[in-house]
Amino acid sequence: MNELKLAVLGSRGAGKSALTVRFLTRRFIGEYASNSECIYTKHFCLDGRQMNLEIYDPCSQPRQGKLSLTDELHWADGFVIVYDISDRASFAFAKALLYRIRDSHLAACKRVVESAVFLVGNKQDLCHLREVGWDEGQKLAMDNKCQFCELSAAEHCQEVITMFTKVLRTIITNFKLKEKRRPSGSKSMAKLINNMFGKRRKSV
Ligand SMILES: Nc1nc2c(ncn2[C@@H]2O[C@H](COP(=O)(O)OP(=O)(O)OP(=O)(O)O)[C@@H](O)[C@H]2O)c(=O)[nH]1
């Protein structure tokens with residue numbers, strides 16, 4: 001059984017809860033409690049594998065001040081970073097979140113998990129009030145090596161499901177890559193013995 005942990009981050013009102021609830025229940029409710037943080041759990045099957053998924057939906061984070069994110073960075077296997085296309089300040093906040101995640105990956109040399117981040121421009125139905133261009137979102141995602149889409153939690157059920165599914169698949173791929181890169185104990189010991197004694201025998 002795979003345990004996957006996903007954090008949905010972004011500024012106040014960007015639509016973190018709307019996206020999460022849409023994915024988990026297929027429904028758009030309209031108003032969501034914003035004063036409490038939630039960890040939703042869901043048991044589901046992806047590509048024939050059973051998964052236990054936890055999604056962290058925090059209450060609003062401060063727009064000012066230093067972003068710590070230390071707990072989230074330790075906890076999560078992947079991130080959905082949400083901004084509202086009709087709110088430029090939310091885009092600036094999403095940018096700061098991406099930089100913080102990138103810096104922590106660079107510090108830990110965690111190259112394989114870098115791409116388990118999805119940047120989402122939400123509220124595409126409000127494009128008449130648009131303050132952030134599609135190309136700006138796309139460029140920010142490319143600069144930070146993450147996936148990107150614009151959608152509307154209010155109107156696009158299938159797009160929301162597809163976005164979450166993509167980021168979960170990326171997490172699973174990263175798990176597999178990590179497994180491959182870590183040699184098994186007996187194999188690496190055999191290699192070590194072979195290197196030592198093999199070389200010695202040659203020199204006699
Ligand atoms: N028009 C439109 N409104 C949306 C969309 N997604 C969310 N909203 C609305 O935006 C408001 C904020 O949505 P939430 O999901 O509570 O946002 P949040 O990021 O969880 O907000 P906090 O919990 O305060 O951090 C609500 O009134 C939602 O109905 C969308 O795609 N289109």
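As named in an unreviewed UniProt entry, the protein chain is small monomeric GTPase, taken from Gopherus agassizii. The Sequence similarities (unreviewed entry) comment attached to the protein chain in UniProt states, word for word, "Belongs to the small GTPase superfamily. Ras family." Taken directly from UniProt, the Catalytic activity (unreviewed entry) text for the protein chain runs: "GTP + H2O = GDP + phosphate + H(+)".

What the largest pocket holds in volume is close to 520 Å³. Forming the boundary of the largest pocket are 28 residues, of which Gly 13, Gly 15, Ser 17, Ala 18 and Tyr 32 lie nearest the centre. Of all the elements in the fold, those that place two or more residues in the lining of the largest pocket are helix 1 (16-25) and strand 2 (38-46). Top element by residues in the lining of the largest pocket is helix 1. It accounts for 4 residues. Residue composition of the lining of the largest pocket, by class: 13 nonpolar, 9 polar and 6 charged.

The subject of this paragraph is helix 1. Taken across its 10 residues, helix 1 has 9 buried, putting it largely inside the fold. Burial in helix 1 covers these residues: Lys 16, Ser 17, Ala 18, Leu 19, Thr 20, Val 21, Arg 22, Phe 23 and Leu 24. In the segment just after helix 1, Arg 26 is the residue with positive phi, at about 70°.

Once that is clear, we can look at the nonpolar core. The biggest cluster of nonpolar side chains holds 29 residues, and the ones touching the most others in it are Leu 6, Phe 23, Val 80, Phe 164 and Leu 168. Contributing elements (two or more residues each) for this core: strand 1 (2-10), helix 1, strand 2, strand 3 (49-57), strand 4 (78-84), strand 5 (117-122) and helix 5 (157-181). Filtering out sequence-adjacent residues up to four positions away, Leu 6 remains in contact with Leu 53, Glu 54, Ile 55, Tyr 56, Trp 75, Gly 78, Phe 79, Val 80, Phe 164, Val 167, Leu 168 and Ile 171. One finds Leu 69, Phe 93, Ala 94 and Ala 141 within the second-largest nonpolar core, a separate group that totals 23 residues.

Within the structure shown, the criterion is met by 6 salt bridges. Arg 169 is paired through a salt bridge with Asp 47; the nearest N and O atoms lie 2.7 Å apart. Of this pair, Arg 169 sits in helix 5 while Asp 47 sits in the loop between strand 2 and strand 3, placing them 122 residues apart in sequence. Overall, Arg 169 belongs to the partly exposed group, its relative accessible area being 37%. Classification of Asp 47 by relative accessible area gives exposed; the value is 53%. Between Lys 139 and Asp 143 there is a salt bridge, with its nearest N and O atoms 2.8 Å apart. With Lys 139 and Asp 143 both in helix 4 (residues 134-143) and 4 residues apart, this pair spans about one turn of that helix. Overall, the relative accessible area of 43% leaves Asp 143 in the partly exposed class.

Cut-offs and rules
Here the residue index of a chain counts from 1 through its sequence in written order. Given that the model is predicted, a residue must reach a pLDDT of at least 70 before its local features are reported, and side-chain atom pairs must reach 80 or more before they are shown or counted; all residues, however, enter totals for whole chains, interfaces and linings. Calculated side-chain values reflect all of the structure's heavy atoms, with hydrogen atoms and water omitted. UniProt positions are given in the numbering used here, feature names are shortened, and annotations may be inferred rather than shown by experiment. Cavity and pocket criteria rest on a 1 Å grid covering protein atoms alone: a 1.4 Å probe that fits but cannot get out defines a cavity, protein on both sides within 12 Å along at least 5 of 7 lines defines an open pocket, and an atom within 4 Å of a point defines a lining residue. Grid points are joined across faces, edges and corners, and a volume is the space filled by probe spheres set on the points. Secondary structure follows DSSP: runs of H or I at least 4 residues long count as helices, runs of E at least 2 residues long count as strands, and numbering of each begins at the N terminus. Each residue is assigned to one class: nonpolar for Ala, Val, Leu, Ile, Met, Phe, Trp, Tyr, Cys and Pro, charged for Asp, Glu, Lys and Arg, and polar for all the others, Gly among them. Burial here depends on accessible area, computed with a 1.4 Å probe over protein chains only, as a share of the maximum for the residue type. Under 20% is buried, over 50% is exposed, and the range in between is partly exposed. Residue types Ala, Val, Leu, Ile, Met, Phe, Trp, Tyr and Cys, when buried and joined through side-chain atoms within 4.5 Å, form a set referred to as a nonpolar core. The contact criterion used is simple: two residues touch if any of their non-hydrogen atoms lie within 4.5 Å. Should a side-chain nitrogen of Lys or Arg be within 4 Å of a carboxyl oxygen of Asp or Glu, the pair is scored as a salt bridge.

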